[in-house]
Amino acid sequence: MENSEKVDAGNLSDSEACIYVIHYSKAINAVCVSADDENIILNPQFEDGLNNWTGRGCKIALHDSMGDGKVLPKSGKFFAAATERTQSWNGIQQEITGRVQRKLAYEVTALVRIFGNNVNTSDLRVTLYVQKPDLREQYIGIANVQATNKDWTQMQGKFLLNDSPSKVIVYFEGPAAGTDILLNSLVIKHAAKTPPSPPPDFENVAFGVNIIENSNLDNGTNGWSPLGNCTLSIGTGSPRVIPPMARDSLGPHESLSGRYILVTNRTQTWMGPTQTITEKLKLYLTYQVSAWVRTSSGSHGPQNVGISLSVDGQWVNGGQTEVADSRWHEIGGSFRIEKQPSNVFVYIQGPVSGVDLMVAGLQIFPVDRQARFRYLRKQTDKIRKRDVTLKFSGVDTCEYTFVKVKQIENDFPIGSCITRTNIDNEDFVDFFVQHFNWAVFGNELKWFWTEPQKGNFNYKDADDMLDLCQKYKIDIRGHCIFWEVDSNVQQWVKSLNRNDLMTAVQNRLTGLLARYKGKFKHYDVNNEMLHGSFYQDRLGKDIRANMFKTAHQVDPSVNLFVNDYHVEDGCDTNSSPEKYMQQILDLQDQGAPVGGIGIQGHIDSPVGPIVCSALDKLATIGLPIWFTELDVSSTNEYVRGDDLEVMLREAMAHPSVDGVMLWGFWELFMSRDNAHLVNAEGEMNEAGRRFIDLKQEWLSHSHGHVDEQGEFSFRGFSGMYNVEVVTLEKVTSKTFFVDKGDSSLVISIDL
């Protein structure tokens, strides 16, 4: 099947689709596969021995048992083993070329385990190898599990092919050399459509009501228990006002009592006050978390303090802050439960052993998002619209002259991440160009992609994507020149000595920015500098500022950004707004031409006032702010739509936010599960409909009659408009553009 191309054969029934595999030799074979029920894997349970199966760099063997009868098949009579593995990518495989169709989603189910001496568990993956007609190769991760040598484990995943490859192979990989991969069965079928989510029941919710018992400590420590063998007592002198982020959600609120819980005799970081809240939680509701915290004075250095939840033994982050002095500090966070729990308790923890902890005014309350949306609509009208007067000339206007103004496009940047494989799917491209005016490449501009081995460059993928964006007049963010996190630096770069690394960094800067000079509007210069320090550790503190300076010298037209995550959600002390601000100011002090602040926006259960608080702080620097990688995740698409609406409305209502980039929108092509707006086969879900509705809301329309001065006034968003003028004699259409601005705008239109 090598060097072949497959095309859809045309109008076939839903139950059966024939794929014609056209070889370059001009021979034509037709392979018919079921689109719904039939397993496309041949000999899936090895009843026909090892027919249709091969080893990928290793040997395979058929067994009815192993390990002196301790390993038996879970189903059927046989299983296969990939043996004599010398590389992690060695495993059992089957070629499925011609049996999978493009733009169809497939679900994969397998029974696997491992076998080998001294290995109890191992990461095991099922991967798709795809070879394109131009011989380019692609590896698609389908699913991964922690496999054991004790029992069979089921692994499940999904995949979709955007184009028509010449070769497709599914294979298993992952464990270290010497460990056998065992496969009992493999099923690949056309994925069943996921039924739409029902909207959650939020009737009779007491929004804003604290679910914590004895929060004000009127009854001593009643309702509270120590987690671990620490000691709880009551002190006085804590703040009497609720923390600012909670106040923004709750509005006018009664004062706090001034009492706090003092936690002493702490011998572990997790020790602190705790309270069970299982029966008080409602599924799919977003809860805001708020408290004042403080630690005892001493020479222990900065301490992380966090509000955490244990949900059936799983840790959930409810918010964190860093306490470096004797002041009271605000914690603001959020969480949501989407699966019915058996036991949930909240606890406050974090400082090292021996440090006393003080907690006051803990509140956990469900957030009324609709009330916040009403406020944000008014703010958006103030921030994003301006008064416009159309002054008509060239025709006699009178009181009967009718004007209809319709906005064609809002020029506020709303973009999306795309990948090279996405642009082979015309349905994806249609949705993308219809609904987005900016783009960012997922991986294709990153250094590990453009130069995976030293001197071996790959710019073809980025060039193809750039061509598509230029064709549709879509602006592009360059992501990213460098990535400061050690695990995302390619091995050949890590192996360089200091001088060679400095040379490689300079070559990367000049090579990339000269090649694409004037093509990208933004660059993320050194990604996630709050979470990594690879280049700074090896090349010194000045390297970060020098990256900005050199990039500006090579392409002065581009706006240079910092970019980081968890800045906006209160859950990561490494990237608090205060630390981000300090990093930016330090770069500016070193002469770095920082032109913008990137907030990634990979956020869970967002709460508007918490997001807005971070934006307000960062705005004091005076640089434009972008959400650069926004995605939200919920198993319920209505809740996902709410989350997305929170983030988009906060962005539109804040004067310092200049654009929003989604980190994808199409199922199976996003970094997070349950984050998509469009299902794998092109059907928009509720979150997608919410996105489209918001975009429609942010288009201004108006109509009426001209006044006696031949003028018509309205208030509208910036962007492109069409105006239709109807007089007794004729109908005339014109287009005009409204620039961003605060003052009134007069536009002369000659008819």
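As recorded in an unreviewed UniProt entry, the chain goes by GH10 domain-containing protein and comes from Pisum sativum. The record in UniProt for the chain states the following under Sequence similarities (unreviewed entry): "Belongs to the glycosyl hydrolase 10 (cellulase F) family."

Draft legend 1. Summary view of the overall build of the chain. Secondary structure assignment for the chain yields 13 helices and 38 strands. Rg of the C-alpha trace for the chain: 30 Å, near the compact-globule value of 27 Å for 751 residues, within the 12% margin. Counting across all 751 residues of the chain, residues that qualify as buried make up 55%. Here the analysis covers contacts within the chain between residues at least 6 apart in sequence; of these, 76% occur between residues at least 24 apart. Put simply, the chain shows about 32,300 Å² of open surface, and 46% of that area lies on carbon and sulfur atoms. Distance between charge centres in the chain, computed from 72 positive and 93 negative side chains, equals 3 Å.

Draft legend 2. Quick peek at unusual backbone geometry. Along the chain, His 479 connects to Cys 480 via a cis peptide bond; the corresponding omega equals -10 degrees. In this fold, Cys 480 is placed in strand S28 (residues 475-483). Backbone geometry at Asn 674 places phi at a positive 55 degrees, although glycine is not the residue there. Within the secondary structure layout, Asn 674 lies in the loop between strand S33 (657-662) and helix H13 (686-697). By relative accessible area, which is 31% here, Asn 674 ends up partly exposed.

Draft legend 3. Region of interest: the UniProt feature "active site" (unreviewed entry) in the chain. Those residues carrying the UniProt feature "active site" (unreviewed entry) are Glu 629 in this numbering. Inspection of the secondary structure assignment puts Glu 629 in strand S32 (residues 625-630). Given the relative accessible area of 5%, Glu 629 is considered buried. Non-local contacts of Glu 629, meaning those with residues more than four positions away in its chain, are made with His 479, Asn 527, Asn 563, Ile 599, Gln 600, Gly 601, His 602, Met 661 and Trp 663. For Glu 629, the side chain forms a polar contact with the side chain of His 602, separated by 2.8 Å.

Draft legend 4. Main features of the packing of helix H12 (residues 637-653) against H13. The N-to-C vectors of H12 and H13 enclose an angle of 30 degrees; their axes lie 7 Å apart at closest approach. One way to sum up the angle between H12 and H13 is to call them roughly parallel. Crossing of H12 over H13 shows right-handed handedness. Residues Glu 637, Tyr 638, Arg 640, Gly 641, Asp 642, Leu 644, Glu 645, Leu 648 and Arg 649 of H12 pack against Glu 686, Ala 687, Arg 689, Arg 690, Phe 691, Leu 694 and Glu 697 of H13. The class makeup of the residues in the contact of H12 with H13 is six nonpolar, one polar and nine charged.

Draft legend 5. Structural view of the environment of Asn 437. Within the secondary structure, Asn 437 sits in the loop between helix H3 (426-435) and strand S27 (438-441). With relative accessibility at 16%, the residue Asn 437 sits in the buried group. On a C-alpha basis, the gap between Asn 437 and Val 205 in space is 39 Å, while along the polypeptide they are 232 residues apart. In this structure Asn 437 touches Glu 409, Asn 410, Asp 411, Phe 412, Pro 413, Ile 414, Gly 415, Ile 474 and Asp 475, once residues within four positions along its chain are discounted. Side-chain polar atoms of Asn 437 contact the backbone nitrogen of Ile 414, separated by 2.9 Å.

Draft legend 6. Summary view of the pattern of salt bridges. According to the stated counting rule, one finds 42 salt bridges in the structure shown. Note that Asp 427 is salt-bridged to Lys 103, the shortest N-O span being 3.1 Å. With Asp 427 in helix H3 and Lys 103 in the loop between strand S7 (91-95) and strand S8 (105-115), this residue pair connects regions lying 324 residues apart in the sequence. Here Lys 103 falls in the partly exposed class, since its relative accessible area comes to 21%. When the shortest N-O distance is used, the salt bridge between Arg 649 and Glu 645 registers 2.8 Å. Here the residue Arg 649 and the residue Glu 645 both occupy positions in helix H12, the gap between them amounting to four residues, near one helical turn.

Rules and cut-offs
Residues numbered from 1 in each chain as written. Predicted model: local features only at pLDDT ≥ 70, side-chain atom pairs only at ≥ 80, totals over all residues. Heavy atoms only, no water. UniProt positions renumbered as here; feature names shortened; annotations may be inferred. Helix = DSSP H or I, 4+ residues; strand = E, 2+ residues; numbered from the N terminus. Rg over C-alpha atoms; globule rule 2.2 N^0.38 Å. Buried < 20%, exposed > 50% of the residue type's maximum accessible area, 1.4 Å probe, protein only. Contact = heavy atoms within 4.5 Å. Areas by Shrake-Rupley, 256 points an atom, 1.4 Å probe, with all protein chains shown as cover. Lys, Arg positive; Asp, Glu negative; His and termini not counted. Charge placed at Lys NZ, Arg CZ, Asp CG, Glu CD. Polar contact = N/O pair within 3.5 Å; in protein donor to acceptor, adjacent residues only side chain to side chain. Axes fitted to C-alpha atoms, helices over the stretch in contact; angles between N-to-C directions. Parallel < 35°, antiparallel > 145°, perpendicular 65-115°, else oblique. Left-handed = near helix turned anticlockwise from the far one by under 90°. Nonpolar A, V, L, I, M, F, W, Y, C, P; charged D, E, K, R; others polar. Salt bridge = Lys/Arg side-chain N within 4 Å of Asp/Glu carboxyl O.

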